[in-house]
Amino acid sequence: MRDDSRACNQYHRYISFIETLTMLEYTSRAFIGPSLLALALGGILGTAAAEDMGQSSTGLEAGVDAQVRPGDDFFGYANGSWLQATPVPPGKKSWSARDEINERVSQQMQALLDEVWTNPQGTVARKVADFRAAYLNDRAIAAQGLRPLKPLLNHIARVRDKAALTALLGQTLRADADPVNRGQYNSAHVLGLAAESSIRGEKNYTAILVQGGLSLPGREHYLSADAGMQALRARYRKAVSAVLAQLDPAHAASAAARADAVIALETALAQSHAADEVSDNERNANNLWTRADFARQAPGMDWPGFFKAAGLARQASFVAWQPSALTGLAVLVDTQPVQVWQDYLRVRAICAYAEVLPASFAALAPALRGAAAGEMPVQAVQRANAVTQSVMREYIGRLYVERYFPAAQKARLNTIVDNVVAAFGRRVEAAPWLSPASKTVALAKLKVLYFGMAYPEKWQDHEALVISPTNPVANLQHLADRHYRQTLDRLGKPIDSKQWVAAPQQAGGLLMFQQNAYNFTAALLQAPKFDAQMSDAMTYGAIGAIVGHEVSHFVDTLGAEYDSDGRLRRWWTPEDMSGYATASEALERQFSSYRPYPEVAVDGKKTTVENVADLGGLAAAFDAYRASLKDMGREVDYVRQQDRQFFIGYARSWRIKSTEEALRTQLTKDNHAPERYRVAAVRNLDAWYEAFDVRPGDRLYLDPENRLRIW
Ligand SMILES: [Zn+2]
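Residues numbered from 1 in each chain as written. Predicted model: local features only at pLDDT ≥ 70, side-chain atom pairs only at ≥ 80, totals over all residues. Heavy atoms only, no water.

Draft legend 1. Here's a closer look at the overall build of the protein. Along its length, the protein carries 31 helices and 10 strands. Taking 711 residues into account, the globule formula puts the C-alpha radius of gyration at 27 Å, and the protein, at 28 Å, falls close to it. Each of the three principal axes of the protein carries a C-alpha extent, and together these read 90 × 55 × 50 Å. When each of the 711 residues of the protein is scored for burial, the buried share is 57%. Carbon together with sulfur atoms contributes 54% to the accessible area of the protein, which is approximately 29,000 Å² in total. A gap of 5 Å separates the mean positions of the 78 positive and 77 negative side-chain charges of the protein. (Helix = DSSP H or I, 4+ residues; strand = E, 2+ residues; numbered from the N terminus. Rg over C-alpha atoms; globule rule 2.2 N^0.38 Å. Buried < 20%, exposed > 50% of the residue type's maximum accessible area, 1.4 Å probe, protein only. Areas by Shrake-Rupley, 256 points an atom, 1.4 Å probe, with all protein chains shown as cover. Lys, Arg positive; Asp, Glu negative; His and termini not counted. Charge placed at Lys NZ, Arg CZ, Asp CG, Glu CD.)

Okay, structure coming up:
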């Protein structure tokens, strides 16, 4: 059971990860002006029209190569001129819209961060600017010395007994974890708190505790006998000793011995920690501990005192994500001298803020974080940008969207999403291989699914956010405190599936089975994939098909693990499984017939789940787009023109130029078929034949009875 569940979970994680990559890989092309006209006029595109597209006023290269017959190679037809005009840049193995978008997003973020300081006091933009300015304010940092950390250091100094130690550990608990949605299962503090939807179908947010408290990046950094790790530990030991000597110059002689004791404590903590492959498993959410369980399974620590100090006095139960870490922590609190804990907490305090402390501490930061000798230090400005983008992400998201994403497009995309989800639902109802009971669950899932487009429905309030332009330590503490209070506040409240986890300024898509939600970010919704000028038909082809693909996962063999309450409960029956297997066999064969190289074929079996999602997503997007034509759907010529846009939009959404090396790697490692073959899914839709006059003898031609439908 355990092994099965882990394998299953790892598969999910893998899919989620690949999903993100996929999201970034798909692209779409905007037809504008003359090129749209040329297409709308129908017929085979002439060279002149193709050139027009290449010289479009937005600077986007056109894609179509009229020399290629669409029925022979639809990917090459729709993207041919782009493929000819686009080199794979030196040092890269492939070049896709994902790369273009990533590059643009980083330029957008740079421009945004460079200009926010011009905003008036009190605005969220100015707060972002002040945060970054404080981080780089070397003069203020030097002038303040350790003063900003004094309250914490004094508190540590006042700890005289285990009760005070436990209370301090509780008071410094923070919500710096997100094990379910983002795989963050290690905290900077001895424990980390998260309020999330778990896997047991609760209607309210669950309190989750994760392990933490290590300065070096991971457990193995303390335990591995590897020579590199040993060298890194030697550097770390020196740095810890230097920290203790600087904090307490009068006792500098004993600093090395005290450092050894601190590292021994951290090593013992590391020993109690779960390894990553154990932590990276949603089923850890099944480890529900009541208050009594803490006393029983983690004796040695005053847990009621800890929880009271943490503001969790009324919390009756917690998910113990890594039970061994709780047990281990309690033992160490019980057995290690208070003085060792005090030194440990001093080192942790310095380590947490080292980069924004005076130079003598800042210089130790790389070694304290476990950087290897010779590792290039990150430039201060780059680090400031990275930290600002990370800890102020919720506030920056709003600025990013206001500046780069047209608000009217969110409503437009939401309509497209609603229509695609509804169309997918009709396909679920019609699927002959899915049992009636399972159809009911699938439709219930689609009903509660929140498919968030571009950015959250409401923004985080920033009125009470206080950011100093001169005190970076206070800023970091304030943000962490604020986030902790918000997390405490969520506990016990109903789960809000509209709560975004992805940041709109990070290009990607995030699939969350536990809260039946998907976040599709604004950063990803831009050229060459999407823009405000793109026709509805093309948007359905480019974006609608991806929406359909993701919707498919909520009810396919992956989504079959989670019900409409987000509970981990397989609702597909064995008959559904075998029905699905039979229904998808022909699609497996279709993909296995593709041979990029004479000796290599696409692995139709390995890529089935994704190919089924592509086909179902494309078909549902097509249904939804056709329905959106309303009365115009009776105009045969108009429909044909629009259909062409839909299919070209789809083909362009997968535009990529790959080297042979990249393509061969993709064939062996990726669960998705190469883009060229994903695009060939169009050959299963009758309308594609009509739209491009595809006939028997064309390479992609399939007899009507061989055109496949799973959903
Ligand atoms: Zn997928």
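Next, the rest of the story.
Draft legend 2. Seen up close, the domain arrangement of the protein. One can read the domain layout of the protein as domain 1 (5-34 + 37-47 + 406-456 + 504-651 + 663-682) and domain 2 (130-394). When each unit is reduced to the centre of its C-alpha atoms, the spacing between domain 1 and domain 2 is 41 Å. Carbon and sulfur atoms make up 37% of the surface buried where domain 1 meets domain 2, a total of about 1,600 Å² over both sides. Our enumeration of links across domain 1 and domain 2 arrives at 2 salt bridges. The closest approach of N and O atoms between Lys 203 and Asp 565, which form a salt bridge, is 2.7 Å. Seen at the junction of domain 1 and domain 2, the total is 4 residue pairs in polar contact (both at pLDDT 80 or more). The set of elements that each furnish at least two residues to the side of domain 1 that touches domain 2 consists of α1 (2-25) and β8 (509-512). With 7 residues, α1 is the single largest residue contributor to the side of domain 1 that touches domain 2. (Domains from an automatic or database assignment. Buried area = accessible area lost by both parts, 1.4 Å probe. Salt bridge = Lys/Arg side-chain N within 4 Å of Asp/Glu carboxyl O. Polar contact = N/O pair within 3.5 Å; in protein donor to acceptor, adjacent residues only side chain to side chain.)

Draft legend 3. Molecular detail of the pairing of strand β9 (residues 517-521). When you tally the buried positions in β9, you get 5 out of 5 residues, the bulk of the element. Here β9 shows two buried faces, one formed by Ala 517, Asn 519 and Thr 521 and the other by Tyr 518 and Phe 520. With 5 bridges joining them, strand β7 (residues 450-454) and β9 adopt parallel strand pairing. What sits directly across from Gly 452, in β9, is Asn 519. When β8 meets β9, the two strands line up antiparallel, connected through 4 bridges. By the bridge assignment for β9, Leu 511 is matched with Tyr 518. Hairpin geometry of β8 and β9 is characterised by an intervening segment of 4 residues between the two adjacent antiparallel strands and by a positive phi of about 45° at Asn 516. (Pairing = 2+ DSSP bridges.)

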